[in-house]
Amino acid sequence: MKYAEMTYEQRLVHLATAPRVTAKQIQQIIDNEIRGFWVGRVRGKFVGGKDNYKHDSREAALEYARRFRADCQAEAEQKGLLPPNA
């Protein structure tokens, strides 16, 4: 099933059961300068809110993605979609 066709609960389980997180470098033009940032990813999807997805280091982006995955796991367990400590 394609990600766009999944329900919220299916997406939650999909992201919560990701075996690993990754980080990717992006570039943006800010004040006529090209700046590089790191973004965390879970299963190839960028994770982060409107203003907190860009990080200065790879480690910070990975840590943010790990926290995001842990939050997904906790919510999925709370809703009964995953067994505890999955």
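Residues numbered from 1 in each chain as written. Predicted model: local features only at pLDDT ≥ 70, side-chain atom pairs only at ≥ 80, totals over all residues. Heavy atoms only, no water.

### Quick notes on the sheet that holds strand S1 (residues 21–30)
Strands in a sheet are paired, the pairing made by backbone hydrogen bonds, and the direction either parallel or antiparallel. Pairing is antiparallel across the open sheet formed by three strands, whose spatial order is S1-S2-S3. Of all strands in the sheet, those with a lone pairing partner are S1 and strand S3 (45–46), marking the two edges. Sheet topology places strand S2 (residues 33–42) next to S3; two bridges connect them, and they run antiparallel. From the neighbouring strand, Arg 41 faces S3, where its bridge partner is Phe 46. (Pairing = 2+ DSSP bridges. Helix = DSSP H or I, 4+ residues; strand = E, 2+ residues; numbered from the N terminus.)

### With respect to the packing of helix H1 (residues 8–16) against helix H2 (residues 58–78)
Axis separation between H1 and H2 bottoms out at 8 Å; the angle between their running directions is 130 degrees. As summarised for this structure, H1 and H2 are arranged oblique, according to the angle between their axes. In this structure, H1 crosses over H2, and the sense of that crossing is left-handed. Taken together, the residues of H2 that come into contact with H1 (itself represented by Tyr 8, Leu 12, Leu 15 and Ala 16) are Phe 68, Arg 69, Cys 72, Gln 73, Glu 75 and Ala 76. A breakdown of the residues in the contact of H1 with H2 according to their chemical character gives seven nonpolar, one polar and two charged. (Axes fitted to C-alpha atoms, helices over the stretch in contact; angles between N-to-C directions. Parallel < 35°, antiparallel > 145°, perpendicular 65-115°, else oblique. Left-handed = near helix turned anticlockwise from the far one by under 90°. Contact = heavy atoms within 4.5 Å. Nonpolar A, V, L, I, M, F, W, Y, C, P; charged D, E, K, R; others polar.)

### Quick word on the environment of Val 47
Along the chain, Val 47 turns up in the loop between S3 and H2. Spatially, the C-alpha atom of Val 47 lies 9.2 Å from that of Arg 69, the residues being 22 residues apart in sequence. When residues no more than four places from it in sequence are discounted, the contact partners of Val 47 are Gly 40, Arg 41, Val 42, Tyr 53, Tyr 64, Ala 65 and Phe 68.

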